[in-house]
Amino acid sequence: MEIKRRGSQSSTKGPEEYFTGNVRIDPLFEAPEPARGFGALVTFEPGARTAWHTHPLGQTLIVMSGCGWVQYWGGAIKEIFPGDVISCPPGEKHWHGATTTTSMSHIALVEKLNGKVVDWLEKVSDEQYLAGLKLERDSQDREQ
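Residues numbered from 1 in each chain as written. Predicted model: local features only at pLDDT ≥ 70, side-chain atom pairs only at ≥ 80, totals over all residues. Heavy atoms only, no water.

A.B. asks: Looking at this structure, how should I read the packing of aromatic side chains?
C.D. replies: Each pair of aromatic rings is reported with the distance of its centres and the angle of its planes. Enumeration according to the criterion identifies 6 aromatic pairs in this entry. Ring geometry for F19 and F44: centres 6.4 Å apart, planes at 50°, overall tilted. Of this pair, F19 sits in strand β2 (residues 19-20) while F44 is found in strand β4 (residues 37-44), placing the two residues 25 residues apart along the sequence. Neither residue differs from the other here; F19 and F44 are each classed as buried. (Phe/Tyr/Trp six-rings, centres within 6.5 Å; stacked < 30°, edge-to-face > 60°. Helix = DSSP H or I, 4+ residues; strand = E, 2+ residues; numbered from the N terminus. Buried < 20%, exposed > 50% of the residue type's maximum accessible area, 1.4 Å probe, protein only.)

A.B. asks: I'm lost on the sheet that holds strand β10 (residues 85-88) in this one. Help?
C.D. replies: Strand pairing in a sheet is mediated by backbone hydrogen bonds. Such pairs are either parallel or antiparallel. In space, the 6 strands of this open sheet follow the order β1-β3-β4-β12-β7-β10, with antiparallel pairing throughout. Unpaired on one side and paired on the other, β1 (12-13) and β10 mark the two borders of the sheet. In terms of strand pairing, strand β3 (residues 23-30) meets β4 through 7 bridges, oriented antiparallel. By the bridge assignment, D26 is partnered in β4 with L41. (Pairing = 2+ DSSP bridges.)

A.B. asks: When you look at the pattern of salt bridges in this model, what are you seeing that I'm missing?
C.D. replies: Any two side chains of opposite charge can pair, given that their charged atoms come close. Per the counting criterion, the structure on display carries 7 salt bridges. In this structure, E122 and K93 form a salt bridge, with 2.8 Å as the shortest nitrogen-oxygen distance. In this pair, E122 is assigned in the loop between β13 (119-120) and α1 (126-130) and K93 in the loop between β10 and β11 (94-98), connecting sequence segments 29 residues apart. E122 gets classed as partly exposed once you look at its relative accessible area, which sits at 38%. (Salt bridge = Lys/Arg side-chain N within 4 Å of Asp/Glu carboxyl O.)

A.B. asks: Help me out: how do you make sense of the nonpolar core in this one?
C.D. replies: Generally speaking, a soluble globular protein has its nonpolar side chains buried in company with each other. Counting 16 residues, the largest nonpolar core has V23, I25, V42, F44, I80, I86 and M104 as its most contacted members. Looking at this core, the elements with two or more residues in it are β3, β4, β7 (59-66), β10 and β12 (104-111). Looking at this core, the element that brings in the most residues is β4, giving 3 residues. Those residues in contact with F44 that lie beyond four places of it in its chain are F19, N22, V23, R49, T50, H96, G97, A98, S103, M104 and H106. (Core = buried A, V, L, I, M, F, W, Y, C linked by side-chain atoms within 4.5 Å. Contact = heavy atoms within 4.5 Å.)

What follows is the structure, encoded as structure tokens:
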């Protein structure tokens, strides 16, 4: 048995080629072979997001704090909140991140296939990302 204490693993900044804005990645675990699991706590500052990407064996996101957006290719942007669990099937092109005004943290769980957990694609354009503002406005209109 191994216990990894909080703060015992170094945080890293999300690389600019795969993320837009300020993103911090805190590794949680990487299961030893033959297991394939990997987990990280990822924190997005307002306006930050991933590039479009896929996962060979899918991805599970567990929102821990804040408010964010997630979208799969060809689908509508969806708001996500603490406690929400998002399951992305293998090979599904998607992105996720914070809203324009609120940070968001989630736990990301993936499995390695031949040592790989993600295939990075093009960045989410500002136009694609800012389509989430309509979602925010629609939500505010319903609350009033």
